[in-house]
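Listed here are the chains, written in short residue letters.
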Amino acid sequence: ASEAEQDDLVIIGGGVAGYVAAIKAGQEGMKVTCIEKRGTLGGTCLNVGCIPSKALLNNSHLYHQIRHDTKNRGIEVGDVKLNLGQMMKAKDTAVSGLTKGIEFLFKKNNVRYIKGTAAFADEHTVKVNLSEGGEETVMGKNFIIATGSEATPFKGLEIDEKRIVTSTGAIALEKVPEKMIVIGGGIIGLEMGSVWSRLGAKVTVVEFLGQIGGPGMDNEIAKAAQKILKKQGIDFKLNTKVMGGDVTSDKISLQVEAAKGGKEETLDADVVLVAIGRRPYTAGLGLENIGLETDDKGRLVIDSEYRTKLPHIRVIGDCTFGPMLAHKAEEEAVAAVEYIQKGHGHVNYGAIPSVMYTHPEVAWVGQNEQEVKESGVKYKVGTFPFSANSRAKTNMDSEGMVKMIADEETDRILGIHIIGPNAGELIAEGTLAIEYGASSEDVGRTSHAHPTLSEAFKEAAMATYGKAIHY
Ligand code: FAD
Ligand code: NAD
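Because the structure is predicted, anything quoted here is derived from the model rather than measured.

Rules behind the numbers
Residues numbered from 1 in each chain as written. Chains lettered and ligands numbered in written order. Predicted model: local features only at pLDDT ≥ 70, side-chain atom pairs only at ≥ 80, totals over all residues. Heavy atoms only, no water. Helix = DSSP H or I, 4+ residues; strand = E, 2+ residues; numbered from the N terminus. Buried < 20%, exposed > 50% of the residue type's maximum accessible area, 1.4 Å probe, protein only. Contact = heavy atoms within 4.5 Å. Areas by Shrake-Rupley, 256 points an atom, 1.4 Å probe, with all protein chains shown as cover. Lys, Arg positive; Asp, Glu negative; His and termini not counted. Charge placed at Lys NZ, Arg CZ, Asp CG, Glu CD. Near = heavy atom within 4 Å. Polar contact = N/O pair within 3.5 Å; in protein donor to acceptor, adjacent residues only side chain to side chain. Nonpolar A, V, L, I, M, F, W, Y, C, P; charged D, E, K, R; others polar. Disulfide = S-S within 2.5 Å. Pairing = 2+ DSSP bridges. Axes fitted to C-alpha atoms, helices over the stretch in contact; angles between N-to-C directions. Phe/Tyr/Trp six-rings, centres within 6.5 Å; stacked < 30°, edge-to-face > 60°. UniProt positions renumbered as here; feature names shortened; annotations may be inferred.

Some remarks on the overall build of the protein
- Along its length, the protein carries 14 helices and 21 strands.
- For the protein, the spread of C-alpha atoms along the three principal axes comes to 70 × 60 × 50 Å.
- Burial status across the protein gives 49% buried among its 471 residues.
- The contacts of the protein with a sequence gap of at least 6 include a subset with a gap of at least 24, amounting to 62%.
- Summed over all atoms, the accessible surface of the protein reaches about 21900 Å², with 50% contributed by carbon and sulfur.
- Mean positive and mean negative side-chain charge positions of the protein (53 and 62 charges, respectively) differ by 4 Å.

Remarks on the site of ligand 1
- Lining the immediate environment of ligand 1, one finds 36 residues, of which Glu36, Thr44, Lys54, Asp318 and Ala326 sit closest.
- Val16 places a polar main-chain atom, nitrogen or oxygen, 3.2 Å from an oxygen atom of ligand 1.
- In this structure, a nitrogen atom belonging to ligand 1 sits 3.4 Å away from a main-chain N or O atom of Cys50.
- Elements with a contribution of two residues or more to the shell around ligand 1: α1 (16-27), β2 (32-36), α2 (43-48), α3 (50-68), β3 (111-122) and α9 (326-342).
- In terms of residue count, α2 provides more of the shell around ligand 1 than any other element does, four residues in total.
- Looking at side-chain class alone, the shell around ligand 1 contains 16 nonpolar, 14 polar and six charged residues.

Considerations on the state of the cysteines
- According to the stated counting rule, one finds one disulfide in the structure shown.
- There is a disulfide in this structure between Cys45 and Cys50, and the S-S distance comes to 2.2 Å. The sign of the S-S torsion, about -130 degrees, decides the handedness of the disulfide formed by Cys45 and Cys50: left-handed.
- Cys45 gets classed as buried once you look at its relative accessible area, which sits at 12%.
- The thiol sulfur of Cys34 is not disulfide-bonded, and the nearest other cysteine sulfur, from Cys319, lies at 13 Å.
- The buried category is assigned to Cys34, whose relative accessible area is 0%.

Concerning the sheet that holds strand β19 (residues 379-385)
- Pairing is antiparallel in the open sheet, where five strands are placed in the order β17-β18-β21-β20-β19. Each edge of the sheet is formed by a strand with only one pairing partner; in this case those strands are β17 (354-356) and β19. Sheet twist, expressed as the average angle between the axes of neighbouring strands with direction ignored, equals 10 degrees.
- Sitting on the sheet, helix α7 (residues 219-231) touches β18 (361-366), β20 (401-407) and β21 (413-420), and the angle it makes with β21 is about 5 degrees.
- Docked against the sheet, helix α12 (residues 423-435) engages β17, β18 and β21, running at close to 10 degrees with respect to β18.

What about the site of ligand 2?
- Contacts to ligand 2 come from 22 residues, most closely from Ile188, Glu191, Glu207, Gly277 and Val355.
- For ligand 2, an oxygen atom lies 2.6 Å from a polar atom in the side chain of Glu207.
- Between ligand 2 and Gly277, the relevant distance is 2.9 Å, taken from an oxygen atom to a main-chain nitrogen or oxygen of the residue.
- Contact with the protein chains covers 78% of the free accessible surface of ligand 2, which is 840 Å².

Points about the environment of Thr117
- With respect to the element layout, Thr117 can be found in strand β3.
- When the C-alpha positions of Thr117 and Leu62 are compared, they lie 40 Å apart, and in sequence the two are 55 residues distant.
- Setting aside chain neighbours within four positions, we find Thr117 in contact with Lys37, Lys127, Val128 and Asn129.

Some words on the packing of aromatic side chains
- For the structure shown, the criterion picks out four aromatic pairs.
- Summarising the aromatic geometry, the rings of Phe106 and Tyr113 are spaced 5.9 Å apart at their centres and angled 85 degrees between planes, so their arrangement reads as edge-to-face.
- What makes Phe106 buried here is its relative accessible area of 1%.

A closer look at the UniProt feature "binding site: FAD" (unreviewed entry) in the protein
- Under the local residue numbering, the UniProt record ascribes the feature "binding site: FAD" (unreviewed entry) to Lys54, Thr147, Gly148, Ser149, Asp318, Met324, Leu325, Ala326 and His327. These annotated residues cover 274 residues of sequence, and their C-alpha atoms sit far apart, with the largest distance between any two at 22.6 Å.
- With respect to the helices, strands and loops of the structure, Lys54 is situated in helix α3.
- Mapped onto the secondary structure, Ala326 falls in helix α9.
- On the accessibility criterion, Ala326 (21% relative accessible area) is partly exposed.
- In contact with Ala326, not counting residues within four places along its chain, are Val16, Cys45 and Cys50.

Structure representation (structure tokens):
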């Protein structure tokens, strides 16, 4: 094909990675096409991930709080009833508003949006199987593959998204299960487990490792989180393997076994959530037609500028290396387009925050204490409990703490770990501090408004290089 027939950039996948790259390319004046097969933009995050789960987390928290935590605040409420259908509708409204918003942004930034499934025919051509029928050929000078990820299946348990569910079924259950088993005590398991536990299900989390929270969470914080979630009614079976399951018309029985020692037990449930991680999704992409391969984890292999071995084809987001997080995908999208357009881009992988949206939230950025210890660097730790923070006290929401880890010699902040109210918002300050190479003293000598939760952050910094005032 002649160059004139080729778009400057063709993006496969309209999830966070793909749509952000498309908007950025449009802003840069590139002729850009984004192909998405789902029927709506926003990918996993907006349609079945971040957004619907947070809608349910927020409203289930409100429901739970109104039922259990009003009297001592001087609020007397009458009968509190759950209207699950309406709660689901509120979630759907958030999702549809946001996905349509991206379509609007596509129009505003001259992005051509094609609804369909793309597969490479050759190195500069994709064939799109159009959602409305028929086929279209799209040619490009550059490509970005942003096809995302899917739930890792559990061998022996067939997902029907009704009784044996991934997160996709777990955000759309039609009634509150009496008993729910969650396989995997990572972020999805704890967020969705919290939702259904608050709405009345008896939730048991079965985790293979000796600790909840999934990869990255600081041990001390994970222990604190488990204690608080247990108090909220979630049961935990750590160091436990699921060996298999029997599904009958009225219940699901799971055989579990202690990871060491082999003690066996059978657990019953109405709904089982499989949340043992996600894996890259590249099926049907025609990679074989262009000679691209994935590694043993299914990830497309790239260099530091997101290039595959075909340098005009780049890969970003969940289908390649790094944490499977929407904001990581977003950073990569902007950087990848900048590499194409300007020859340079930037993502600081050492400053990507993680947030678990339970109550209280857990958030962290940088290295956890186990990692710092392993690296051999001499370090110091400062902590500050929310029980000594005035705002948390007035809000009657004071469980948790801020923990800061800094280099003992240079005082440079290495990691920040928060469990507590609004931890997900507070961590932004920590991310900025790490991005700017701040020392704990830089933060501790910065004025923070009173009374705010952010003062706990400042005081943890003070406790790192010296002493906190209020604890
Ligand atoms: P995706 O969002 O998966 O998008 C890929 C898109 O490509 C899909 O829409 C797919 O239909 C499309 N596609 C695939 N193949 C083709 C093809 N051949 N042709 C056309 N289109 C194709 N992350 C956070 O940061 N914060 C959170 O709170 C959070 N919550 C989550 C909650 C849940 C329940 C789940 C499952 C995930 C959550 N995540 C969260 C992770 C987040 O959703 C992902 O990291 C993010 O969606 C990755 O974006 P992506 O664009 O790489 O992939
Ligand atoms: P995860 O990797 O966070 O946790 C999976 C957990 O399952 C781990 O603790 C692991 O030890 C355990 N596990 C694995 N195999 C097991 C087995 N056979 N039996 C019992 N336990 C087992 O994965 P996830 O919770 O499924 O989430 C998937 C991805 O989605 C993650 O990358 C996560 O970052 C992302 N996500 C992010 C958010 C957020 O940012 N708030 C929310 C949801 C999902």
